[in-house]
Amino acid sequence: MTDYQSLAADFLRHHPAEAASILEKNDSEQIAAFATTLGEDEATRLFMVLSSQTAATALRHFSEKDVIAILGNMPRREASNILRRTPRKRREAYLAGMPTATRLQLEVVLHQPTHRVGAYTDSGLVAVTPNTTVEAIRKRLRSVESPVSVIFLVNDKQQLLGSFPIGRLFSVKGSETASSLADTTRQSLNVRTTLEDGLASPDWMNNDVLGVVDREGKLVGSVRYAILRQANEPVSAPEAVEAGSDYMRVADNLYVGLAEVLLTTIPKPKPHAARNTIEGDVK
């Protein structure tokens, strides 16, 4: 790797949003060419910070084997967002080449209706029982690959009891238990909640991340406010993606990148009563 490439990789690592904004001014071949100069972990990070449409288009220039490796290294939510914007035949080929466990996890997310919270749920979380000690949680966090900001509290049936921000782990003794740190208001969204109602939940006023539960109250994952906000404002026509278009206009790619950056600065709505979103409601 040249000094220039090393500098670019460092910029990507420390300023991902700014790097994405710059990269998305280039066409997909140029983005792919830059990605080939990076190591596998750095290339994966690159495709995670790009808009999912831009990432899907740039990955078109990689071998099937390399795409499978890159997507397999990502959290399932990010990988599924890219796969949704990949032409169907190519998407099926990628899934077929993945390890069984990875493929099944991605298919669960992909098969969720795109207007429901379940489609944007991240299964990579840390859930503990009430009697778990702080020291045990700290040790567990050392082996967690994805960034964690919230610890979830569940019972022996995996039903959500509460949660607490990770920062609380570092201001108490290691002998303390999770139950003493958690807020037990059980703020969460149901997998079947629509994006519109999910965004309107008053629980966002005190949280950036909420647990996602099934109809039995079992914790299935978590979701971020920014992800739902982004998902509720589609930036490309699904018909064009499924038709197999290999290249998007540079202006469209730039718009996608800028939209993702701007979404993080949009203030959250004031709380108001959300509509009933029990399973089976039809929008």
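Just so we're clear, the structure is a prediction, and the values are computed from it rather than from any experiment. (Residues numbered from 1 in each chain as written. Predicted model: local features only at pLDDT ≥ 70, side-chain atom pairs only at ≥ 80, totals over all residues. Heavy atoms only, no water.)

Engineer: So what exactly am I meant to see when it comes to the confidence of the model for the protein here?
Structural biologist: Residues shown with low pLDDT carry predicted positions that ought not to be read at fine detail. Counting all residues, the mean pLDDT for the protein is 79, and 79% of those residues have values of 70 or more. Across residues 235-266, confidence stays below pLDDT 50; counting only partners more than four residues off in sequence or on other chains, it has 49 contacts. In the predicted structure, residues 273-283 sits below a pLDDT of 50 and forms 13 contacts with residues beyond four places in sequence or in another chain. (pLDDT = per-residue confidence, 0-100. Contact = heavy atoms within 4.5 Å.)

Engineer: Which parts of the structure should I look at to understand the environment of R224?
Structural biologist: With respect to the secondary-structure elements, R224 resides in strand 6 (residues 219-224). The sequence separation of R224 and L210 amounts to 14 residues, and the corresponding C-alpha distance is 6.6 Å. Contacts of R224, omitting those with residues within four sequence positions, involve S149, W204, D208 and V209. (Helix = DSSP H or I, 4+ residues; strand = E, 2+ residues; numbered from the N terminus.)

Engineer: Would you mind going over the sheet that holds strand 5 (residues 209-213) with me for this structure?
Structural biologist: The sheet built from 3 strands is open, its strands ordered 4-5-6 with mixed pairing. With one partner strand each, in any of the chains shown, strand 4 (188-190) and strand 6 form the two edges of the open sheet. Direction aside, neighbouring strands of the sheet carry axes that sit 35° apart on average. Sheet analysis places strand 4 next to strand 5, joined by 3 bridges and oriented parallel. Bridge pairing links L189 to V212 in strand 5. (Pairing = 2+ DSSP bridges. Axes fitted to C-alpha atoms, helices over the stretch in contact; angles between N-to-C directions.)

Engineer: Honestly, the pairing of strand 2 (residues 150-154) in this entry has me stumped. Any pointers?
Structural biologist: Across the 5 residues that make up strand 2, a large majority, 5, are buried. Two strands pair when backbone bridges link them, and strand 1 (residues 126-128) and strand 2 are joined in this way by 3 bridges, in the parallel orientation. Each residue of the ladder has a partner; that of V126, found in strand 2, is I151. Bridge count for strand 2 against strand 3 (residues 160-165) is 5 bridges, and the pairing is antiparallel. Counterpart to V154 in the pairing with strand 3 is L160. Joining the antiparallel neighbours strand 2 and strand 3 is a turn of 5 residues, in which Q158 adopts a positive phi near 65°. (Buried < 20%, exposed > 50% of the residue type's maximum accessible area, 1.4 Å probe, protein only.)

Engineer: Hey, could you run me through the packing of helix 3 (residues 28-35) against helix 4 (residues 40-49) in this one?
Structural biologist: Each pair of packed helices gets described by two things: the angle between the helix axes and the distance between those axes. Relative orientation of the contacting elements helix 3 and helix 4 amounts to 150°, with a least axis distance of 10 Å. Considering the angle they form, helix 3 stands roughly antiparallel to helix 4. The residues of helix 4 that touch helix 3, namely those facing I31, F34 and A35, are A43, L46 and F47. When grouped by side-chain class, the residues that make up the contact of helix 3 with helix 4 number 6 nonpolar, no polar and no charged. (Parallel < 35°, antiparallel > 145°, perpendicular 65-115°, else oblique. Nonpolar A, V, L, I, M, F, W, Y, C, P; charged D, E, K, R; others polar.)

Engineer: Looking at this structure, how should I read the nonpolar core?
Structural biologist: Nonpolar side chains in soluble globular proteins tend to be buried together. With 31 residues, the main nonpolar core has L46, F47, L50, L59, F62 and L71 as its most contacted residues. For this core, the secondary structure elements donating two or more residues are helix 2 (16-23), helix 3, helix 4, helix 5 (52-58), helix 6 (64-72), helix 7 (76-84), helix 8 (88-96) and helix 9 (100-110). In contact with L59, other than residues within four places in its own chain, are F47, V67, I70, L71, I82 and Y94. The next biggest cluster of nonpolar side chains, apart from the first, holds 14 residues, and it includes L189, W204, V212 and L228. (Core = buried A, V, L, I, M, F, W, Y, C linked by side-chain atoms within 4.5 Å.)

Engineer: When you look at helix 9 in this model, what are you seeing that I'm missing?
Structural biologist: An α-helical turn contains 3.6 residues, so any two residues separated by three or four positions project in the same direction. Along helix 9, the positions that sit buried rather than exposed are T102, L106, V109 and L110. Burial along helix 9 is one-sided: seen end-on, the buried residues are contained in an arc of 95°. Along helix 9, exposed side chains directed more than 90 degrees from the buried face belong to A101 and V108. Each element contacted by the buried residues of helix 9 is listed here: helix 7 and helix 8. (Arc of directions from axis to C-beta.)

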